[in-house]
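Observations on chain architecture
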Amino acid sequence: MKELSIQYLEEAIEDSRPFAASGNVNMTLPNFDETMKDLLGVSIITTDLKCYSAGDHRQFIPMQSTSKVIGLMLALQDFGKERVFNAVGMEPMGDFFNSISQLESYDTSKPFNPMINAGAIAVSAMIKGQNPANRFERYLTFLKEITDNDDLAMSEDVYEAEKANGARNRALAYFMQSTGTLVTDVEEALDLYYRMNSVMMCCDDFARVGLFLARGGRSPRSDDRLIPPHHLRTVKAIMMTSGMYNSSGHYAVEAGFPCKSGVSGSIIGAIPGRMGIGVIGPAIDAKGNSTAGGALIKKLSQDLDLNMFGENGGLS
Ligand code: GLN
């Protein structure tokens with residue numbers, strides 16, 4: 001086992017960076033271009049609040065699908081497990097994250113899980129608030145508190161791009177309206193989903209979200225529990241089985257801790273009782289996961305003994 005240090009992380013980054021070559025940058029995102037392809041950064045924050053960062057960790061990127069973790073926490077808080085999983089399943093899916101066919105061919109009453117687009121749109125519709133602006137405000141306020149970062153904000157450019165490229169998500173949402181899965185205003189649910197995806201964060205912020213999950217849902221400001229442990233268990237289990245889309249099985253085997261990725265190249269990792277991990281690496285594979293970031297996550301797991309299914313249960 002290696003010792004966690006900034007120097008170790010710098011070496012791990014340089015070992016993993018070449019894997020960016022096999023990925024592609026998602027050019028539908030504003031300011032994402034070839035020059036970003038080799039970026040790779042990481043932050044690790046341990047439960048005793050030591051922070052280790054390396055590589056391009058100061059780069060800000062949109063949350064994209066990592067927002068699905070936050071959405072699920074809020075929906076569980078608002079409606080409880082039974083009602084949330086009445087609207088969305090908890091099973092992993094072998095199709096791509098924006099698959100339409102799964103909505104019709106398996107179970108027409110609900111999408112597979114909250115970590116794919118259809119599931120996350122259905123979950124977004126469950127975040128309470130008096131009006132759409134207030135719902136997003138709640139999301140952002142919660143995110144600011146758990147990352148201890150009041151500067152977090154949504155990028156208007158990313159939000160506009162999400163809307164402009166949203167045909168597929170709109171199709172998913174209207175299909176779910178037709179089957180009665182989505183009973184609230186479809187455009188409002190989509191709008192919140194786009195906004196949630198458009199918040200800009202850097203590695204420290206992603207790591208803070210992981211730390212929140214790893215540290216019993218405690219606010220870094222007040223130390224109060226903001227989300228009860230039974231909901232966190234659910235969120236981490238869903239991340240483990242579905243957080244890396246249709247590569248989740250691979251990551252469960254090779255990394256062995258709950259992760260969530262986004263098509264901006266973001267990854268959140270949570271090692272319960274030990275640390276939160278935030279990674280950015282904009283070159284993604286066909287399934288939507290950062291290639292260099294994924295390689296880094298697997299390397300960290302091996303070198304730092306993070307696999308929850310290992311001899312020590314990832315608790316060494
Ligand atoms: N903007 C993307 C979408 O809705 C986010 C999904 C993702 O990160 N996989 O398709």
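Report on the accompanying structure.

Parameters and conventions
Residues numbered from 1 in each chain as written. Predicted model: local features only at pLDDT ≥ 70, side-chain atom pairs only at ≥ 80, totals over all residues. Heavy atoms only, no water. Phe/Tyr/Trp six-rings, centres within 6.5 Å; stacked < 30°, edge-to-face > 60°. Helix = DSSP H or I, 4+ residues; strand = E, 2+ residues; numbered from the N terminus. Buried < 20%, exposed > 50% of the residue type's maximum accessible area, 1.4 Å probe, protein only. Near = heavy atom within 4 Å. Polar contact = N/O pair within 3.5 Å; in protein donor to acceptor, adjacent residues only side chain to side chain. Areas by Shrake-Rupley, 256 points an atom, 1.4 Å probe, with all protein chains shown as cover. Nonpolar A, V, L, I, M, F, W, Y, C, P; charged D, E, K, R; others polar.

1. Things to note about the packing of aromatic side chains
Under the definition given, this model contains four aromatic pairs. Ring geometry for Phe-97 and Tyr-245: centres 4.9 Å apart, planes at 35 degrees, overall tilted. Here Tyr-245 lies in the loop between helix 10 (229-242) and helix 11 (248-254) and Phe-97 lies in the loop between helix 2 (67-87) and helix 3 (101-105), a separation of 148 residues in the sequence. Assessed through its relative accessible area of 4%, Tyr-245 is described here as buried. Summarising the aromatic geometry, the rings of Phe-136 and Tyr-139 are spaced 5.9 Å apart at their centres and angled 25 degrees between planes, so their arrangement reads as stacked. Highlighted residues: Phe-136 and Tyr-139, both in helix 5 (residues 132-147), separated by three residues, approximately one helical turn. Assigned by exposure class, Phe-136 and Tyr-139 land together as buried.

2. Structural notes on the site of the ligand
The ligand sits among Gln-64, Ser-65, Lys-68, Phe-97, Asn-117, Glu-162, Asn-169, Tyr-193, Asn-197, Tyr-245, Gly-262 and Val-263. With respect to the ligand, the side chain of Gln-64 contributes an N or O atom lying 2.5 Å from a nitrogen atom. Within the backbone of Val-263, a nitrogen or oxygen atom sits 2.9 Å from an oxygen atom of the ligand. For the ligand, the protein covers 90% of the area, taking 290 Å² as the surface of the free molecule. Class assignment for the residues of the shell around the ligand results in four nonpolar, six polar and two charged.

3. Considerations on unusual backbone geometry
At Asn-31, a residue that is not glycine, the phi angle is positive and equals roughly 70 degrees. Position of Asn-31 relative to the elements: it lies in the loop between strand 1 (24-25) and strand 2 (41-46). Located in the positive-phi region is Leu-49, a residue other than glycine, with phi close to 65 degrees. Inspection of the secondary structure assignment puts Leu-49 in the loop between strand 2 and strand 3 (51-55).

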